[in-house]
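# Tertiary structure, described
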Amino acid sequence: MSDTTSHWAIDGELTFAAADGERLDAHGDDLALETEDGVLHAARLTFTVTPDVYARIDREARFHLDAGARGPGSSHFEPGSDVQIEARLHPALLPAISALGTDIVDVGPRFSKLEVGSPLLETESWFALHVTVEVMRDAEGGGLREGYSTVHAGSGDYMVLPMLAIAAGALEERGFEWEETSDEEVIRAEITGENGEWACFIVARRAESRCTVYSQVSWGTPESQRNEMAELITRINFGLPLGNFEMDFSDGEVRFKTSLNVSGDHLSVGLFDGLFEPNVATMDHYLPSLEAVRDGRMTPPAAVEMVER
């Protein structure tokens, strides 16, 4: 099986027509055709609009930019410069692309010359995937962009947000700031509960279709207390309905883990809430016990009784 993506630099003006007849002017940047074994299975269009035109797109939800389809960062997206939109063509219109030619060399120039009235230039024929503005340009001509993605950017039969986008959005809704890590499939947030503070790591392994939430204390268990800590977390884990505490004996790291396999499905906000809420609540509840055993102030049975009575 051979997958190929070919590009055509449009570098010209495009005029889209909305369902109500209104027109939207844009600058065409790139047309990309994705084929599998020579058969066209997707078409993507990248174009740029002015802030005023984007305001109309935003207000009227053109290119399927409904409020519920927008990912994290959309609520604060107020562009002061040109906006770039990458969109995917509705699959039902792929034959219209194929009718323009057999490869990008034929299709590109003909697409660039399309006029208003073509179904390929209707706003609702395209599903916006990424909406960005350039915030920095380096000396080599590269650019850093920021903005937001949409549910239409998901892969597979389900057009859904990537797992980390769901997680990031849920953190933002709760007022937690998050940051990227050196691992592109992991984000980190600092959590403050009633009994203390700790780091929360959200791990979204796409290849394994698994999302895991870790609440990790900021300290390591002293070597002299690691056997007692192991006994404590064993006693706690025995009665837990979801998740488990674990300790790395090599350095005394303690964390609480909840995990979900989403193979054959997708991670929804509700599923993520079911991982995140019990995780932070359990860590907050048992944190005093963990600290008491760490410091040698209580035996494991007494530390459990302290919080469970």
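A short tour of the structure in this document, coming up. (Residues numbered from 1 in each chain as written. Predicted model: local features only at pLDDT ≥ 70, side-chain atom pairs only at ≥ 80, totals over all residues. Heavy atoms only, no water.)

## Considerations on the state of the cysteines
Selection criterion: What counts as a disulfide here is a pair of cysteine sulfur atoms lying within 2.5 Å. Burial here depends on accessible area, computed with a 1.4 Å probe over protein chains only, as a share of the maximum for the residue type. Under 20% is buried, over 50% is exposed, and the range in between is partly exposed.
In this structure the tally under the stated criterion is zero disulfides. Here Cys-200 is not cross-linked by a disulfide; its sulfur's nearest cysteine counterpart is in Cys-211, at 9.7 Å. With a relative accessible area of 0%, Cys-200 lands in the buried category. Taking the relative accessible area as the measure of exposure, Cys-211 reaches 0% and is therefore buried.

## Quick look at the pairing of strand β10 (residues 210-220)
The cut-off we apply is this: Strands are labelled as partners when DSSP assigns at least two bridges between them. Secondary structure elements are taken from DSSP: a helix is a run of H or I of four residues or more, a strand is a run of E of two residues or more, and numbering for both begins at the N terminus.
Here strand β9 (residues 197-205) pairs with β10 via seven bridges, running antiparallel. The residue bridging Cys-200 from the neighbouring strand is Ser-215, located in β10. Two elements, β10 and strand β12 (residues 253-261), share eight bridges in a ladder whose sense is antiparallel. Counterpart to Arg-210 in the pairing with β12 is Asn-261.

## A short note on the pattern of salt bridges
This is how it is decided: Each reported salt bridge corresponds to a side-chain nitrogen of Lys or Arg within 4 Å of a carboxyl oxygen of Asp or Glu.
Counted by the stated rule, this structure contains 18 salt bridges. Arg-174 is the partner of Asp-273 in a salt bridge, and the nearest nitrogen-oxygen pair spans 2.8 Å. With a gap of 99 residues between them, Asp-273 in helix α6 (residues 269-294) and Arg-174 in the loop between α4 (163-173) and β7 (178-180) connect regions that are remote in the sequence. Looking at Asp-273, the relative accessible area reads 24%, which means it is partly exposed. Here Arg-174 falls in the partly exposed class, since its relative accessible area comes to 28%. Connected through shared salt-bridge partners, Asp-20, Glu-22, Arg-56, Glu-60 and Arg-62 make up one network.

## What about the sheet that holds β9?
What counts here: Here the axes come from fitting lines to C-alpha atoms, over the contacting stretch only for helices, and the angles between their N-to-C directions go from 0 to 180 degrees. Throughout, a residue-residue contact means that at least one pair of heavy atoms, one from each residue, lies within 4.5 Å.
Spatial strand order, β7-β8-β9-β10-β12-β11: six strands in an open sheet with antiparallel pairing. Each edge of the sheet is formed by a strand with only one pairing partner; in this case those strands are β7 and β11 (244-248). Along the sheet, successive strands turn relative to each other by an average axial angle of 25°, direction set aside. Across the sheet, α6 lies against β8 (186-192), β9, β10, β11 and β12, angled at about 20° from β10, the strand it touches most.

## Let's talk about helix α5 (residues 226-238)
The line we're drawing: Residue count minus one, scaled by 1.5 Å, sets the expected span of a helix. Working note: the arc is built from the helix axis to C-beta atom directions.
For α5, spanning 13 residues, the distance from its first C-alpha to its last is 18 Å, which sits close to the expected 18 Å at 1.5 Å a residue. Residues Arg-226, Met-229, Ala-230, Leu-232, Ile-233 and Ile-236 constitute the buried set of α5. Buried residues along α5 cover an arc of 160° about the axis, so they all sit on one side. Of the exposed residues in α5, those oriented more than 90 degrees away from the buried face are Asn-227, Thr-234 and Phe-238. Considering only its buried residues, α5 is in contact with β10, β11, β12, α6 and α7 (300-308).

## Some thoughts on the pairing of β9
Within β9, seven of the nine residues are buried, which leaves it mostly tucked inside the rest of the structure. For β8 and β9, the ladder comprises seven bridges, and the chain directions are antiparallel. Among the inter-strand pairings, Thr-192 is bridged to a residue of β9, identified as Glu-197. Hairpin connection from β8 to β9: four residues lie between these consecutive antiparallel strands, with Gly-196 at a positive phi of about 155°. The loop that links β9 with its antiparallel partner β10 comprises four residues; one of these, Ser-209, has a positive phi angle of about 50°.

These values are about where atoms sit, not about what they do.
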